[in-house]
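In case you want the letters, here they are:
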Amino acid sequence: MSHPATPPSVEVEAILDAQKRSFLRMVSHELRTPLNSILGFSEILSTELYGPLGAPQYKDYAAIIHQSGARLLTLVNQVLEIARLDGRTLDFETRPEPVELALDDVLATLRSDLAARRVTVVVAGRDSLPTVAADPRGLRTVLFNLLQNAMKVTAENGAVQVSACVRGETVEIEIRDHGPGIDPADIPRLMAPFEQAETALTRHSEGTGLGLPICDLTCRAMAGSLRLTPSPGGGLTAIVILPAA
């Protein structure tokens, strides 16, 4: 007669979690070195730095190798970021940070992508955005990932709406897209690392699907939270809640 399996103890689960994070860190670090070589040499070939390659296909293939390597490096960096956040090994320096300043930096980084997709970002009350208590890098990471996701699901000539307001002792930053939206039942899995559901967001994006879990963990590390809600009339609204400065 078989007996039901004994559930693992808290200590065993803690050890397994630590081993998992250690493994992810090790693999991520080990992958970076060859990827940097692939990116560097493929860029040399695609730009024909030392002279023409001959057949034009070679240049095209080198560009494809570089693009694929860049996407893989992004995945490696995101896995490493999740391992650090999940293991609480990132040191955040919380200080007063103007939302407008962080938003301007992120939009400058996304400018070429926004132009290529013909998507605009409309910021309500830009000159009167509040200040949050947050780590500068962490805040920019959250805003970058959320705006990038919103941009990818928004149709050409569409707009992403951004607003921020003070609610008691917190600041709520809302980023709303006008994409196809998602099923509310998919939201919990969408926020879990490596367990993303097949949704409109993941289907329309060429990314890894790790951006939202990174945002969620980063907000928690800054004593805040992230909430996703389907928008009335379609689309998705991401609400970042952080302490007010």
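Computed from a prediction, not measured in an experiment: that's the story for all the values here.

(A) Examining the side chain of S46 more closely. Relative to the helices and strands, S46 is located in helix 1 (residues 10-46). On the basis of relative accessibility, which here comes to 14%, the residue S46 falls in the buried class. Separated by 3.1 Å, the side chain of S46 and the backbone oxygen of E43 make a polar contact. Apart from the residues within four sequence positions on either side, S46 is in contact with K59, A62 and A63.

(B) Geometry of the side chain of D177. Assignment of secondary structure puts D177 in the loop between strand 5 (170-176) and helix 5 (187-190). The side chain of D177 sits in the buried core without any salt bridge; R176 is the nearest counter-charge, 6.9 Å away. A polar side-chain atom of D177 sits 3.0 Å from the main-chain amide nitrogen of G179. Excluding its chain neighbours within four sequence positions, the residues that come into contact with D177 are A150, V153, T154, G234, G235 and L236.

(C) Structural detail: the packing of helix 4 (residues 136-153) against helix 7 (residues 211-221). Relative to each other, helix 4 and helix 7 sit at 150°, their axes nearing to 9 Å. Relative to helix 7, helix 4 is oriented roughly antiparallel. As helix 4 runs across helix 7, the sense of the crossing is left-handed. Here helix 4 contributes G138, T141, V142, N145, L146 and N149 to the contact with helix 7, which in turn contributes G211, L212, I214, C215, T218 and C219.

(D) A look at unusual backbone geometry. The backbone of E48 sits at a positive phi, close to 50°, despite the residue not being glycine. Here E48 shows up in the loop between helix 1 and helix 2 (56-86).

(E) Spatial organisation of the nonpolar core. Judged by nonpolar contacts, the single largest core of 39 residues is most densely connected at L146 and L147. Beyond its immediate sequence surroundings of up to four residues, L147 is in contact with L103, V106, L107, L110, V121, V160, V162 and I175. Core analysis: the second largest hydrophobic core is formed by 6 residues, V79, I82, L210 and L217 among them.

(F) Just helix 4, in detail. Along its 18 residues, helix 4 runs 26 Å from first to last C-alpha, staying within 8% of the 26 Å computed at 1.5 Å per residue. The buried fraction of helix 4 is high, at 16 of 18 residues. Capping of helix 4 at its N-terminal end is provided by D135; its side-chain oxygen lies 3.2 Å from the backbone amide nitrogen of R137.

(G) Examining the sheet that holds strand 2 (residues 120-123) more closely. Taken in spatial order, the 5 strands line up as 2-4-5-7-6 in an open sheet, and their pairing is mixed. The open sheet is flanked by strand 2 and strand 6 (225-230), the only strands paired with a single partner. Going across the sheet, the axis of each strand differs from the next one's by a mean of 20°, ignoring polarity. In the sheet, strand 2 pairs with strand 4 (residues 159-167) via 4 bridges, with the strands oriented parallel. In the sheet register, T120 faces strand 4, and the bridge partner there is A159. Taken strand by strand, helix 3 (residues 99-117) contacts strand 2, strand 4 and strand 5, and its axis lies near 165° from that of strand 2. Strands in contact with helix 4 are strand 2, strand 4, strand 5, strand 6 and strand 7 (236-243); relative to strand 5, the strand with the most contacts, it is inclined by about 25°.

(H) Broad picture of the environment of L210. Following the sequence through the fold, L210 ends up in the loop between helix 6 (200-203) and helix 7. Residue classification places L210 among the buried positions, given a relative accessible area of 3%. Spatially, the C-alpha atoms of L210 and L190 are 8.7 Å apart, while their sequence positions differ by 20 residues.

Rules behind the numbers
Residues numbered from 1 in each chain as written. Predicted model: local features only at pLDDT ≥ 70, side-chain atom pairs only at ≥ 80, totals over all residues. Heavy atoms only, no water. Helix = DSSP H or I, 4+ residues; strand = E, 2+ residues; numbered from the N terminus. Buried < 20%, exposed > 50% of the residue type's maximum accessible area, 1.4 Å probe, protein only. Polar contact = N/O pair within 3.5 Å; in protein donor to acceptor, adjacent residues only side chain to side chain. Contact = heavy atoms within 4.5 Å. Lys, Arg positive; Asp, Glu negative; His and termini not counted. Salt bridge = Lys/Arg side-chain N within 4 Å of Asp/Glu carboxyl O. Axes fitted to C-alpha atoms, helices over the stretch in contact; angles between N-to-C directions. Parallel < 35°, antiparallel > 145°, perpendicular 65-115°, else oblique. Left-handed = near helix turned anticlockwise from the far one by under 90°. Core = buried A, V, L, I, M, F, W, Y, C linked by side-chain atoms within 4.5 Å. Expected span 1.5 Å × (residues − 1). Pairing = 2+ DSSP bridges.

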